[in-house]
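Overview (structure and organization)
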Amino acid sequence: MFTRSFTGNASFLSFLRQPASIALLLFLLVGFADGAMLPFFALWAQKDAGIPVGWIGALFGCYAGGEILATPLIGGIADRKGRRPVLLCSTLGVGIGFALLYLSHGVLQAACVLLLIGVCESVLHPTIATVIADTIPGERTRLHFALARTLSNLGRAAGPAVGAILVLHSLGSVFLASAVALLACAALVACLMPETRRLSSTANDDDDEEEGLSSLLPALRDRRLASLLLWVILLEMSGSWIEAVLPLYASAGHTLTPSGVGHLFTYGALLIVALQVPLTRLTRNVSEAKLVLGSGAVLVVAFVALLVSHGLPATVMAMTGFSLGEMLFAPLIPSAVNAMATDANRATYMAAVSVTNDIKDTLGPTTGIALFALSASLPWLGGMAVTAFAAAGLAAAITTKRAS
């Protein structure tokens, strides 16, 4: 028994000595922090922070807007200053930001804190991924990034589950749970993470700094990429209306308590964890255009369910549709963009995808909650139209790209 325990402890310590393994743990904890906070933010803003519903979407925009503003300025700082110090500063910054959010009240205070969190998060996810790319051989990076996505979704499943318990005490307590998760990340980096930047990479620092914003946004120069990403933004924006508005919609209809909202989001995340890989294998021979159209059709059904009923079956169906649509759609875009890139600009093309995600995270909640403030049915009516239009446009763009 002692020998078995000693062997297990030695294996775990060996696991923690590998930078890529630490990066996987960081993805898990960061996913937990996001999962614990996001489902309850709108309810906290409305019920505890004294923020009008019409301003809640703008606050979501501040969260993602901080990333958009900071990326052109500090997006590549880990190439100049090193991975370890950037990870340490960003995890501390986001953790402290979540703790400050617990103490915030009113629109102005919350907006300032969310901008701070967004600025720190602008380098957090890319730098964690860079640690994996630095230390894992090329033939194994795909597996590690798949593991990273799985662990991130596990965190996003655990976060709402823990949050559902914490909100029984107070809605704002979920921010403290998120803060603890990020401060645990900082402790892991400080105690265990070595520097993984190769010394030879510093030779091109001056060239990288001169490229500026244009290197981060190649969509400004490549019309094919710009067209593709425009449809991506529209489709993801309309889909995000389900995620952003559903907590308010379920609360207004007395369908779910705040704790019930947490359980609903846990269910959605667990669906992705359980079905993403099997569904990807099952559809590996289906064309990208058909998968995009299928994703759009699933989302339209989700909007119809919410339009027809406030009830629990409709909200579960909507969350199921949102998760299924994401499983069909999300893996396609990196693959499609990667196929357009060359070896010389592959990283900058993938950075453009990251920026579009930030834009979606800004526009989606802002527009969705603004529509909800006007009428409870407007996000679902608008979502049906925008989703159908964007899915058709993206399918056509992918087909044209493949033919060219």
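Structure first, text after, so check above.
Quick look at the structure, then. (Residues numbered from 1 in each chain as written. Predicted model: local features only at pLDDT ≥ 70, side-chain atom pairs only at ≥ 80, totals over all residues. Heavy atoms only, no water.)

1. A few points about the overall build of the chain
- A tally of regular secondary structure across the chain gives 17 helices and 0 strands.
- In the chain, of all internal contacts separated by at least 6 residues, the share reaching a separation of at least 24 is 85%. (Helix = DSSP H or I, 4+ residues; strand = E, 2+ residues; numbered from the N terminus. Contact = heavy atoms within 4.5 Å.)

2. Description of the environment of Met 37
- With respect to the element layout, Met 37 can be found in helix α2 (residues 19-47).
- The buried category is assigned to Met 37, whose relative accessible area is 2%.
- Along the chain, Met 37 and Val 174 lie 137 residues apart, while their C-alpha atoms are 5.7 Å from each other.
- For Met 37, the residues in contact, after removing those within four places along its chain, are Tyr 63, Phe 98, Val 174, Phe 175 and Ser 178. (Buried < 20%, exposed > 50% of the residue type's maximum accessible area, 1.4 Å probe, protein only.)

3. Section: the packing of α2 against helix α7 (residues 124-135)
- Relative orientation of the contacting elements α2 and α7 amounts to 160°, with a least axis distance of 8 Å. With respect to α7, the axis of α2 lies roughly antiparallel. In terms of crossing hand, the pair formed by α2 and α7 is left-handed. Mapping the contact onto sequence places Pro 19, Ala 20, Ala 23, Leu 24, Leu 26, Phe 27, Val 30 and Asp 34 in α2 and Leu 124, His 125, Ile 128, Ala 129, Val 131, Ile 132 and Thr 135 in α7.
- Split into classes, the residues belonging to the contact of α2 with α7 amount to 12 nonpolar, 2 polar and 1 charged. (Axes fitted to C-alpha atoms, helices over the stretch in contact; angles between N-to-C directions. Parallel < 35°, antiparallel > 145°, perpendicular 65-115°, else oblique. Left-handed = near helix turned anticlockwise from the far one by under 90°. Nonpolar A, V, L, I, M, F, W, Y, C, P; charged D, E, K, R; others polar.)

4. Considering the pattern of salt bridges
- What the rule picks out here adds up to 1 salt bridge.
- Note that Asp 34 and Arg 156 form a salt bridge whose closest N and O atoms lie 3.5 Å from each other. Of the two residues, Asp 34 is situated in helix α2 and Arg 156 in helix α8 (residues 138-166); the sequence distance between them amounts to 122 residues.
- Judged by its relative accessible area of 30%, Arg 156 falls in the partly exposed class. (Salt bridge = Lys/Arg side-chain N within 4 Å of Asp/Glu carboxyl O.)

5. Here we look at the side chain of Ser 178
- In this structure, Ser 178 sits in helix α9 (residues 173-192).
- In contact with Ser 178, not counting residues within four places along its chain, are Ala 33, Ala 36, Met 37 and Phe 98.

6. Examining the nonpolar core
- Core analysis: the largest hydrophobic core is formed by 93 residues, its most contacted members being Leu 26, Phe 41, Trp 44, Phe 98 and Leu 394.
- If one sorts the elements of this core by residue count, α2 sits on top with 17 residues.
- Other than its neighbours up to four places away in sequence, Leu 26 contacts Leu 87, Ile 128, Cys 185, Leu 188, Val 189 and Met 193. (Core = buried A, V, L, I, M, F, W, Y, C linked by side-chain atoms within 4.5 Å.)

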